[in-house]
Amino acid sequence: MDGTGCDPRDHPFFRALRSLPRPIIVAHRGWSARFPENTLCAFDAAVGAGAEMLEFDVHETADGHCVCIHDETLDRTTDAVARFGRDAIGVASTTLAEIRALDAGGWFEPRFTGERVPTLASVLDRLAPKLLLMLEHKGGSVTTLLESLVSHPARQRVMVQSFDLDFVAECRSRAPWLALGALGEGVLDDDRWRRITELGIGLVHWNVHDLRADDLAKIRGADLLSCVYTANSEVEWLGCATMGITAVTTNHPDRLAGLRNRG
Ligand code: G3P
Ligand code: CA
């Protein structure tokens, strides 16, 4: 599928996912237990740890660029507060040049000082050849995001996901070629389920504490893929494997890979 239809089972992204060993290992914000989240070093390390998919977060800068960072503000994961002498510094009110000048590693451990907030373009270029990409849209316009993806050669290696199904619906109407995922928590109620099936969503990504066996049966019955976030213990991983969940998002891709390798 490349602009011709919206059946997720036909999409190269989901076909690639279906060919992987189960449960598929999704590195949450990169190998975030050991490296500063949403940085290139965390993403590179996730590959080495055995992840098959990389989860990361995207916001838009003041001058219309997509960058990889979790929070709306730069405060927690960069040195912006010290540099600018104030707090609550929004990604959306800061330019790309200003953000790229910040340190995004030292807050985690001094040895990571010098890491930067990556652009989406750099992540696509560097990581898409190595693993599948699970892009969580946190902020910014649909237009900017789609412009970043539409002409990139790796556009079929990326799935865009959001908790906001209105955002997902707008992506679907403007980009029939795009692989889409639905994030959620709490009860998978009838209204959300109807929208998930109508929008051609290929993967349902639910809070590990909330996903019920009945919901999983619905997902599987519709031939969609399932994923849970964020599972960080062996008890949770074994439960996911027993229930037949397709993919698991974790801060510890190395440990999940070790457990899966041991059978
Ligand atoms: O992708 C699932 C998970 O990342 C959603 O929560 O807060 O870590 O972005 P959060
Ligand atoms: Ca996320």
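The following paragraphs examine the structure supplied in this document. Because the structure is a prediction, the values reported are computed rather than measured.

1. Comments concerning the side chain of glutamate 60
Inference 1: Here glutamate 60 shows up in strand 2 (residues 53-60).
Inference 2: Among all residues touching glutamate 60, those that are not within four sequence positions of it are His65, Val91, Ala92, Gly139, Gly140, Ser141 and Thr144.

2. Side note on the packing of helix 6 (residues 142-150) against helix 7 (residues 165-174)
Inference 1: At their nearest, the axes of helix 6 and helix 7 sit 11 Å apart, and the two run at 50 degrees to each other. By the criterion of interaxial angle, the relationship of helix 6 to helix 7 is oblique. For helix 6 against helix 7, the interelement crossing comes out right-handed. Of the residues in helix 7, those touching helix 6 at Val142, Thr143, Leu145 and Leu146 are Phe167, Glu170, Cys171 and Arg174.

3. Section: the nonpolar core
Inference 1: In this structure, Phe56 and Leu149 are the most contacted members of the largest nonpolar core, which totals 56 residues.
Inference 2: Here the element with the most residues in this core is helix 7; it accounts for 5 residues.
Inference 3: Each residue touching leucine 149, except ones within four places of it in the same chain, is listed here: Leu120, Leu124, Leu135, Arg155, Val158, Val160, Trp177 and Leu178.
Inference 4: Core analysis: the next-biggest nonpolar cluster, separate from the first, contains 14 residues, Leu17, Met159, Leu203 and Cys227 among them.

4. Notes on the pairing of strand 7 (residues 203-207)
Inference 1: Where burial is concerned, most of strand 7 is hidden: 5 out of the 5 residues are buried.
Inference 2: Of the pairings in the sheet, the one linking strand 6 (residues 179-184) to strand 7 comprises 4 bridges and is parallel in character. Note on strand 7: the bridge partner recorded for glycine 181 is leucine 203.
Inference 3: After leaving strand 6, the chain enters helix 8 (residues 190-198) and then returns to the sheet as strand 7, a path that is right-handed.
Inference 4: Bridge analysis of strand 7 against strand 8 (residues 225-229) gives 5 bridges, and the strand direction is parallel. Residue pairing for strand 8: histidine 205 is matched across the bridge by cysteine 227.
Inference 5: Each parallel crossover has a hand, and for strand 7 linked through helix 9 (residues 213-221) to strand 8 it is right-handed.

5. Considering empty space enclosed by the protein
To find leftover empty space, one rolls a probe the size of a water molecule over the atoms.
Inference 1: Throughout the structure, instances matching the rule amount to 1 cavity of 30 Å³ or more.
Inference 2: In this structure, the largest cavity encloses a volume near 60 Å³.
Inference 3: As for the largest cavity, its lining consists of Glu37, Asn38, Thr39, Cys68, Ile69, Thr77, Ala104, Trp107 and Val117.
Inference 4: Classifying every residue of the lining of the largest cavity gives 5 nonpolar, 3 polar and 1 charged.

6. Observations concerning unusual backbone geometry
Inference 1: Between arginine 22 and proline 23 the backbone carries a cis peptide bond, its omega angle lying at -15 degrees.
Inference 2: Tracing the backbone through its elements, the reader meets proline 23 in the loop between helix 1 (12-18) and strand 1 (24-28).
Inference 3: The phi torsion at asparagine 38 lies on the positive side, around 55 degrees, for a residue other than glycine.
Inference 4: If you trace the backbone, asparagine 38 turns up in the loop between strand 1 and helix 2 (40-49).
Inference 5: For asparagine 38, a relative accessible area of 3% corresponds to the buried category.
Inference 6: Even without being glycine, alanine 88 reaches a positive phi, approximately 55 degrees.
Inference 7: Secondary-structure assignment places alanine 88 in the loop between helix 3 (80-84) and helix 4 (96-100).

Definitions and limits used
- Residues numbered from 1 in each chain as written.
- Chains lettered and ligands numbered in written order.
- Predicted model: local features only at pLDDT ≥ 70, side-chain atom pairs only at ≥ 80, totals over all residues.
- Heavy atoms only, no water.
- Helix = DSSP H or I, 4+ residues; strand = E, 2+ residues; numbered from the N terminus.
- Contact = heavy atoms within 4.5 Å.
- Axes fitted to C-alpha atoms, helices over the stretch in contact; angles between N-to-C directions.
- Parallel < 35°, antiparallel > 145°, perpendicular 65-115°, else oblique.
- Left-handed = near helix turned anticlockwise from the far one by under 90°.
- Core = buried A, V, L, I, M, F, W, Y, C linked by side-chain atoms within 4.5 Å.
- Buried < 20%, exposed > 50% of the residue type's maximum accessible area, 1.4 Å probe, protein only.
- Pairing = 2+ DSSP bridges.
- Right-handed = clockwise from strand over helix to strand, strands pointing away.
- 1 Å grid on protein atoms, 1.4 Å probe; cavity = no way out; pocket = protein on both sides within 12 Å on 5 of 7 lines; lining within 4 Å.
- Points joined across faces, edges and corners; volume = space filled by probe spheres on them.
- Nonpolar A, V, L, I, M, F, W, Y, C, P; charged D, E, K, R; others polar.

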